[in-house]
Amino acid sequence: MSMFSKFLTGMSFRSTTPTFEAGEEIEVYVTELNEESGELVAQVGETRLHFENGEADIVGCRVLATVESFDNAEHRGRVTHRKTLSQGSF
């Protein structure tokens with residue numbers, strides 16, 4: 001085993017398209033408000049999570065959300081806002 005292989009042992013890279021399971025509680029940043037539909041969105045890499053509920057004032061906040069449904073093929077899901085953890089930008 002080379003020194004480089006030993007150095008990289010146990011390391012992994014994060015995916016740009018993470019997947020989630022229904023019922024899972026996650027912490028995310030609410031990144032945008034769709035002006036047309038009024039829908040809040042959290043983007044985790046290229047994965048987009050649409051909120052079932054929530055107020056426009058949580059845009060830019062870190063929140064606790066529960067995954068209601070998730071499509072692994074499209075990397076899209078629906079979440080429910082549970083609690084605002086912190087305010088401010090990311």
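Look a little higher up for the structure.
Residues numbered from 1 in each chain as written. Predicted model: local features only at pLDDT ≥ 70, side-chain atom pairs only at ≥ 80, totals over all residues. Heavy atoms only, no water.

### What to know about the overall build of the chain
Selection rule: Helical segments are the DSSP runs of H or I of at least four residues, strand segments are the runs of E of at least two, and each set is numbered from the N terminus. Only protein chains enter the accessibility calculation, which uses a 1.4 Å probe; a residue is then buried when its area is under 20% of its type maximum, exposed when over 50%, and partly exposed in between. Working definition of accessibility: Shrake-Rupley area with a 1.4 Å probe, residue cover restricted to the visible protein chains.
Looking only at helices and strands, one finds one helix and six strands in the chain. When the elements of the chain are put in sequence order from the N terminus, they spell out α-β-β-β-β-β-β. When the 90 residues of the chain are sorted by exposure, 29% land in the buried category. When the accessible surface of the chain is totalled, it reaches about 6,200 Å², and 48% of it is carbon and sulfur.

### As for the nonpolar core
Our working definition: Joining through side-chain atoms within 4.5 Å is the link that ties buried Ala, Val, Leu, Ile, Met, Phe, Trp, Tyr and Cys residues into a set, and such a set is a nonpolar core. In this analysis, two residues are considered to be in contact whenever any of their non-hydrogen atoms come within 4.5 Å of each other.
Residues Val-28, Leu-49, Phe-51 and Val-63 are the most contacted members of the largest nonpolar core, which totals 15 residues. Contributing elements (two or more residues each) for this core: strand 1 (25–29), strand 3 (40–44), strand 4 (47–51) and strand 5 (62–71). The biggest single contributor to this core is strand 5, with four residues. Among all residues touching Val-63, those that are not within four sequence positions of it are Ile-26, Glu-27, Val-28, Val-30, Phe-51, Ile-58, His-81, Lys-83, Thr-84 and Leu-85.

### Re the pairing of strand 5
As a general feature of sheets, a regular strand has side chains that alternate between the two faces. Put simply, the rule reads: For two strands to count as paired, DSSP must find a minimum of two bridges between them.
The pairing of strand 1 with strand 5 spans five bridges and is classified as antiparallel. Within strand 5, the position partnered with Val-28 by the bridge is Val-63. With nine bridges joining them, strand 5 and strand 6 (residues 76–86) adopt antiparallel strand pairing. Bridge pairing links Val-63 to Thr-84 in strand 6. Here strand 5 hands over to strand 6 after four residues, with His-75 in that stretch at a positive phi of 55°.

### Description of the environment of Gly-23
Counting through the fold element by element, Gly-23 comes out in the loop between helix 1 (3–8) and strand 1. Sequence separation between Gly-23 and Glu-68 is 45 residues, and the spatial gap between their C-alpha atoms is 6.1 Å. Ignoring anything within four residues of it in the chain, the contact list for Gly-23 reads Thr-66 and Val-67.

### Structural notes on the side chain of His-50
To keep it simple, the criterion reads: Residues adjacent in sequence count toward polar contacts only when both atoms are side-chain atoms; beyond that, a polar contact is any pair of N or O atoms within 3.5 Å, and within protein one must be able to donate a hydrogen and the other to accept it.
Inspection of the secondary structure assignment puts His-50 in strand 4. Judged by relative accessible area, which is 16%, His-50 ranks as buried. Looking at His-50, its side chain comes within polar contact range of the side chain of Glu-39, at 3.0 Å.

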